[in-house]
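Structure assessment
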Number of protein chains: 2
Amino acid sequence: MIKVIVVEDHPIMVEGLKNILRTDLTINVIGDYGNGKSVLQALEEKDHPDVILMDVNLPDVSGINLTTEIKKKYEDIKIIALSVHDEQPVIHSMLQNGASGYVLKNALGNEIIKAINTVMDGEEYLCTSTREALKSADQDLLKAIPRITRREKEILQLIGKGLTTIQIAEQLFISTHTVESHRKNLMEKFGVNNTTSVVKLAAEYKLL
Amino acid sequence: MIKVIVVEDHPIMVEGLKNILRTDLTINVIGDYGNGKSVLQALEEKDHPDVILMDVNLPDVSGINLTTEIKKKYEDIKIIALSVHDEQPVIHSMLQNGASGYVLKNALGNEIIKAINTVMDGEEYLCTSTREALKSADQDLLKAIPRITRREKEILQLIGKGLTTIQIAEQLFISTHTVESHRKNLMEKFGVNNTTSVVKLAAEYKLL
DNA sequence: AAGAAAACCCCTGTTTTCCGGGATTTTTTT
DNA sequence: AAAAAAATCCCGGAAAACAGGGGTTTTCTT
């Protein structure tokens, strides 16, 4: 019996998943949680699952961070990412941080079951569209999502709001030079050469 | 018997919705479609539903445009929007274009049933979080999503890629002045004063 | 306690965008 | 066929962002 827990904040989606998983008698959904905090708590207190089906976009933490954290503490739990995003950096970051599978939400139900069985066999599972997305970008150039600091994020948000460097400096009580440094660092981390692209990418990766 | 069709590109979600709607015996799901084109075709050929449950983000057309089109041809079909977005302009645009209800995807199953019954009674239904989102923005200032032209969209995408005005002009074989005009118009339509904000908003409203 | 990373600060010159006016020609839509 | 909307082009001055160097002080992490 494979014990599975579902981490997903859309009840309707949870309903659908459970329904699909019910058709496979070797799978047993032992719990579902709508945010990162409650899963972490459940893992401490309750029975461990074999597999976690995890939505990448949760209300409290990003699936990427949650995966890292869970894998650090419980390395034998397999994690399958469930996502609407087929951007390479998102996929790549999830896999790098310990996910064993990546399934897009537009996948058919049986893909999920296949994914669970595959990762239980110790292999990696990527759904068809994910594989497509990954192969189009050549191996070595695969970029992960840049890790940005608190401050950078803060500044990114203000830029997104349309504030200028001067306004940001005033609001945060720091010098305009500092703001420009952060701008520079952001551009470098994202590998682009103007803030507009940074904002676009950040929005894409849901960092805003 | 209320005839319902579901327009949603995530099979798992469809599964969940059907499952929930099955619990109400007065509701009958007569079909489901994964994109805009197939619904429009089905409406021409098949039996009309009373209510359409429609995802706002479809692979081919935006839910906003699809709603407009369906309402133009079949004004008595009630449309309930299903969405992950709680941005005011998105909600506002849907309602303005004829949707009778707006339910966020993190809603509980019974909210959907309530929504269907409410719109069948001729009233408008908004889920709790939607109402929250709307009331925080003051009535008169409610902005709809700007309607941008083909060319503007094209330019917006190039800006998002990080190209400068000169590069865009070269690529599209038009003068830099033209590009600047488009830039200006975009900023005006979105009500902001730099292109970065335009890109951010466009990303938010899924116009990119 | 060291070392690394983050956050902070500073400068100058160049490029690009923004703002404020215009105007003409194609397309669509009615 | 007329009217409206979109797309095109033009200018000059002001404001902001970018590029590319430099450096110090906190704050994590090991």
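Computed from a prediction, not measured in an experiment: that's the story for all the values here.

1. Things to note about the interface of chain B and chain A
Every contact between the two is made by 31 residues of chain B and, on the other side, 31 residues of chain A. Buried area between chain B and chain A, both sides added, is near 2300 Å², and the carbon and sulfur share of it is 68%. Linking chain B with chain A are zero salt bridges, by the criterion used here. If you look at where chain B meets chain A, you find six residue pairs in polar contact (both at pLDDT 80 or more). Looking at the side of chain B that touches chain A, the elements with two or more residues in it are helix H1 (11-22), helix H7 (150-160) and helix H10 (195-204) of chain B. Looking at the side of chain B that touches chain A, the element that brings in the most residues is H1 of chain B, giving nine residues. Taken together, the residues of the side of chain B that touches chain A break down into 13 nonpolar, 11 polar and seven charged.

2. A short note on the UniProt feature "modified residue: 4-aspartylphosphate" (unreviewed entry) in chain A
Residue and element names in this part refer to chain A. The feature "modified residue: 4-aspartylphosphate" (unreviewed entry), as given by UniProt, occupies Asp55 in the numbering adopted here. The residue Asp55 is located in strand S3 (residues 51-55) in this model. Not counting the four nearest positions on each side in its chain, Asp55 is found in contact with Val7, Glu8, Asp9, Gly63, Leu82 and Lys105.

3. Topic: the protein's contact with DNA strand C
Residues in contact with DNA strand C amount to 21 residues; listed here are only the nearest, Thr149, Arg151 and Thr178 of chain A together with Thr165 and Thr195 of chain B. A distance of 2.5 Å separates a phosphate oxygen of DNA strand C from a polar atom in the side chain of Arg151 of chain A. Between DNA strand C and Thr165 of chain B, the relevant distance is 2.7 Å, taken from a phosphate oxygen to a side-chain nitrogen or oxygen of the residue. Put simply, the parts of the chain that give the surface near DNA strand C at least two residues each are helix H7 (150-160) and helix H9 (176-190) of chain A together with helix H8 (165-172) and helix H9 (176-190) of chain B. Taken together, the residues of the surface near DNA strand C break down into three nonpolar, 11 polar and seven charged.

4. Description of the sheet that holds strand S4 (residues 78-83) of chain A
Residue and element names in this part refer to chain A. Taken in spatial order, the six strands make up an open sheet running S2-S1-S3-S4-S5-S6, and their pairing is parallel. Of all the strands in the sheet, just strand S2 (27-33) and strand S6 (125-126) have a single pairing partner and so form its edges. Direction of pairing for S4 relative to strand S5 (residues 101-104): parallel, over a ladder of four bridges. Bridge pairing links Ala81 to Tyr102 in S5.

5. Digging into the domain arrangement of chain A
Structurally, chain A comprises domain 1 (2-140) and domain 2 (150-204). Relative to domain 2 of chain A, the C-alpha centre of domain 1 of chain A lies at a distance of 32 Å.

6. Re the protein's contact with DNA strand D
With respect to spatial proximity, 19 residues lie near DNA strand D, and among them Thr195 of chain A together with Thr149, Ser175, Thr178 and Ser181 of chain B are the closest. Of everything in DNA strand D that lies within 4 Å of the protein, sugar and phosphate atoms constitute 67%. Contacts to DNA strand D include Arg183 of chain A, whose side-chain N or O atom sits 2.9 Å from a phosphate oxygen. Side-chain polar atom of His182 of chain B to a phosphate oxygen of DNA strand D: 3.1 Å apart, as the coordinates give it. Counting residues per element, the ones that place at least two in the surface near DNA strand D are helix H8 (165-172) and H9 of chain A together with H7 and H9 of chain B.

7. Some thoughts on the sheet that holds strand S5 (residues 101-104) of chain B
Residue and element names in this part refer to chain B. The parallel open sheet is built from six strands, whose spatial order is S2-S1-S3-S4-S5-S6. The open sheet has two edge strands, strand S2 (27-33) and strand S6 (125-126), and neither has a second partner. Taken together, the two bridges between S5 and S6 define a ladder with parallel strand orientation. Its bridge partner being in S6, Tyr102 is matched across the sheet by Leu126.

8. Observations concerning the pairing of S3 of chain A
Residues and elements named next belong to chain A. Most of S3 sits out of view: five of its five residues are buried. Of the two faces of S3, the one lined by Val51, Leu53 and Asp55 and the one lined by Ile52 and Met54 are each fully buried. As defined by bridge partners, strand S1 (residues 2-7) adjoins S3 across four bridges and the pair is classed as parallel. Bridge pairing in S3 places Val7 opposite Met54. Remark: the S3/helix H3 (residues 63-73)/S4 crossover connection has right-handed handedness.

9. Some details on the pairing of S1 of chain A
All names here are of chain A. Most of S1 sits out of view: five of its six residues are buried. Bridging between S1 and S2 involves six bridges; their strand directions are parallel. Looking at S2, one finds that Val7 is bridged to Tyr33. Assessed by its sense of winding, the connection that carries the chain from S1 through helix H1 (residues 11-22) to S2 is right-handed.

10. Quick notes on the environment of Val29 of chain A
All names here are of chain A. Note on placement: Val29 falls in strand S2. You can call Val29 partly exposed: its relative accessible area is 23%. Put simply, Val29 and Pro49 are 20 residues apart on the chain and 8.8 Å apart in space, counted from C-alpha to C-alpha. Beyond its immediate chain neighbours, meaning those up to four positions away, Val29 contacts Val4, Val6, Lys18 and Leu21.

11. Quick look at the UniProt feature "domain: Response regulatory" (unreviewed entry) in chain A
With numbering matched to this structure, UniProt assigns "domain: Response regulatory" (unreviewed entry) to residues 3-120 of chain A. End C-alpha atoms of residues 3-120 of chain A are separated by 11 Å, and the span's content is 46% helix alongside 23% strand.

Conventions we followed
- Each chain has its residues counted from 1, following the order in which its sequence is written.
- Just so you know, chain letters begin at A and ligand numbers begin at 1, following the order they were written in.
- Note on the predicted model: pLDDT of at least 70 is required for a residue's local features to be given, and 80 or more for side-chain atom pairs to be given and counted; whole-chain, interface and lining totals, by contrast, use all residues.
- To obtain the side-chain values, all non-hydrogen atoms of the structure were used and water was disregarded.
- Only heavy atoms matter for contacts: two residues are in contact if any of them lie within 4.5 Å across the pair.
- In short, buried area is how much 1.4 Å probe accessible area vanishes from two parts on joining, totalled over both.
- Each reported salt bridge corresponds to a side-chain nitrogen of Lys or Arg within 4 Å of a carboxyl oxygen of Asp or Glu.
- Polar contacts, as used here, are pairs of N or O atoms within 3.5 Å; protein pairs need one atom able to donate a hydrogen and one able to accept it. Residues neighboring in sequence count only if both atoms are side-chain atoms.
- Going along the chain from the N terminus, every DSSP run of H or I of four or more residues is numbered as a helix, and every run of E of two or more is numbered as a strand.
- Charged means Asp, Glu, Lys or Arg here, nonpolar means Ala, Val, Leu, Ile, Met, Phe, Trp, Tyr, Cys or Pro, and polar covers whatever is left, Gly included.
- UniProt positions are given in the numbering used here, feature names are shortened, and annotations may be inferred rather than shown by experiment.
- Throughout, the term near means that a residue has one or more heavy atoms lying within 4 Å of the molecule or strand in question.
- Two strands make a pair as long as DSSP finds a minimum of two bridges between them.
- An automatic or database domain assignment supplies the residue ranges for each domain.
- A 1.4 Å probe rolled over the protein chains alone gives each residue an accessible area, and that area as a share of the maximum for its type sets the label: buried under 20%, exposed over 50%, partly exposed in between.
- Classification remark: right-handed applies to a crossover when, strands pointing away from the viewer, the course from the first strand over the helix to the second runs clockwise.

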